[in-house]
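Commentary on secondary and tertiary structure
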Amino acid sequence: MSTHLLTAALDAAERGWHVFPLRPADKRPALHGESVCPLIGDCAGGHRKWEDRATIDPDRIRRAWADRPFNIGIATGPSGLVVVDLDMPKQKSSTGTPGGVTTFGALCERAGQAVPTTYRTRTASGGHHLYFTAPPGVRLANSAGRLGKLIDTRAHGGYVVAAGSFTATGPYTVTDPAPPVPLPDWLYSLLAPRQPARGLVAVPSSSKASRYAAAALRAETATVRASQVGERDWTLLSAARALGRFIAWGDLPRSVVEEALQEAGESAGLSSRQCRSTVRSGLNWSIARNPQRRTA
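The present account deals with the structure reproduced in this document. (Residues numbered from 1 in each chain as written. Predicted model: local features only at pLDDT ≥ 70, side-chain atom pairs only at ≥ 80, totals over all residues. Heavy atoms only, no water.)

Time to look at helix α8 (residues 254-267). With 14 residues, α8 extends 20 Å from end C-alpha to end C-alpha; this agrees with the ideal 20 Å at 1.5 Å per step. Listed as buried for α8 are Val257, Ala260, Leu261, Gln262, Ala264 and Gly265. Note on α8: the residue one or two positions beyond its end, Gly269, has a positive phi of about 110°. (Helix = DSSP H or I, 4+ residues; strand = E, 2+ residues; numbered from the N terminus. Expected span 1.5 Å × (residues − 1). Buried < 20%, exposed > 50% of the residue type's maximum accessible area, 1.4 Å probe, protein only.)

Right, dumping it as structure tokens:
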């Protein structure tokens, strides 16, 4: 088994993915924590966490996996990856609770997009990991539930368990060996940091800005439609705040955004009156914080 895991770790490194050892038959890092750091070797200049010590160096990998059957962690940030984690419902969940795969499929359908064909693995619990290459020059963080229930993402600061690893629940296996494709624009628009713009923002062209805005509108309304009871109003408010900047920048008419969000909110089960109030509040908040953009 150690040879099998070593081969899998080397295969991941050949793809340019930075790996580090996880505890045997476990998902937790095998490296020491800061509180017990000996401050020698890799940590001679100060404690280095698993993300810092993840490597593609085959010699270091061979030494690390020489004696014990460590599972394999892939540090997504250094590897230039964004991994969408489609989880399974917990055993105590109701039988009607949809899994992450189902929710993600619905999200894609409502956004008018096909489920991306990319490198994909099946997790020990029966979920799936979809691997994408991260957008250049962008530092995305991890997310939990931002794309929908039982859908998390791993980017900077995160890691995933690589194919070839196993736990008591089962193995991690490759279900689609296709090379990872770039993170789709419509998914990026949902995961990009939502921060108020500071000052004037230059963009390369109005046509590109309009395409991005249209993709964001499709993605945000799809998220609202897929939202569950207890999170619908907040999801609608977040979508309105995310889309208000495009109104302020002149990329989308306010009437179009209001109509699309109203329809999405009502489709999710909110009342017409509640949708109007939430959308108006979210758009006004965003427009007030996003000054008009100048062209390059």
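Let's shift gears to the packing of helix α7 (residues 232-248) against α8. Running from amino to carboxyl end, α7 crosses α8 at an angle of 165°, the nearest separation of the two axes being 10 Å. Taken together, α7 and α8 sit at an angle that is classed as roughly antiparallel. Handedness of the α7/α8 crossing: right-handed. Contact residues: Leu236, Ala239, Ala240, Leu243 and Ile247 in α7; Arg254, Val257 and Leu261 in α8. Here the contact of α7 with α8 is built from residues that sort into seven nonpolar, no polar and one charged. (Axes fitted to C-alpha atoms, helices over the stretch in contact; angles between N-to-C directions. Parallel < 35°, antiparallel > 145°, perpendicular 65-115°, else oblique. Left-handed = near helix turned anticlockwise from the far one by under 90°. Contact = heavy atoms within 4.5 Å. Nonpolar A, V, L, I, M, F, W, Y, C, P; charged D, E, K, R; others polar.)

A few words now on the packing of aromatic side chains. Taken as a whole, this structure holds five aromatic pairs when the rule is applied. The structure contains a cluster of three or more aromatic residues connected by ring pairs, namely Trp17, Tyr119 and Tyr131. Over the face of the ring belonging to Trp285 we find Arg241, whose NZ or CZ atom lies 4.2 Å from the ring centre. (Phe/Tyr/Trp six-rings, centres within 6.5 Å; stacked < 30°, edge-to-face > 60°. Lys NZ or Arg CZ within 6 Å of the ring centre and 35° of its normal.)

Okay, the pattern of salt bridges next. The full count for this structure, using the stated rule, is four salt bridges. A salt bridge links Arg28 to Asp26; the shortest N-O distance between them is 2.7 Å. What makes Arg28 partly exposed here is its relative accessible area of 45%. In this structure, Arg62 and Asp59 form a salt bridge, with 3.4 Å as the shortest nitrogen-oxygen distance. Placement of the pair is Arg62 and Asp59 together in helix α3 (residues 58-64), with a separation of three residues, close to one helical turn. On the basis of relative accessible area, Arg62 is assigned to the partly exposed category, the value being 42%. Residue class for Asp59 comes out partly exposed when judged on its relative accessible area of 45%. (Salt bridge = Lys/Arg side-chain N within 4 Å of Asp/Glu carboxyl O.)

This part covers the packing of α8 against helix α9 (residues 272-289). Packing of α8 against α9 brings their axes to within 9 Å, and their N-to-C directions diverge by 140°. Taken together, the axes of α8 and α9 lie oblique to each other. Seen from above, α8 lies across α9 with right-handed handedness. Along the contact surface, α8 presents Arg254, Val257, Glu258, Leu261, Gln262, Gly265 and Glu266, while α9 presents Ser272, Cys275, Arg276, Val279, Arg280, Leu283, Asn284 and Ile287. Looking at the contact of α8 with α9 residue by residue, the class counts come to six nonpolar, four polar and five charged.

Function cannot be inferred from these measures alone, as they are strictly geometric.
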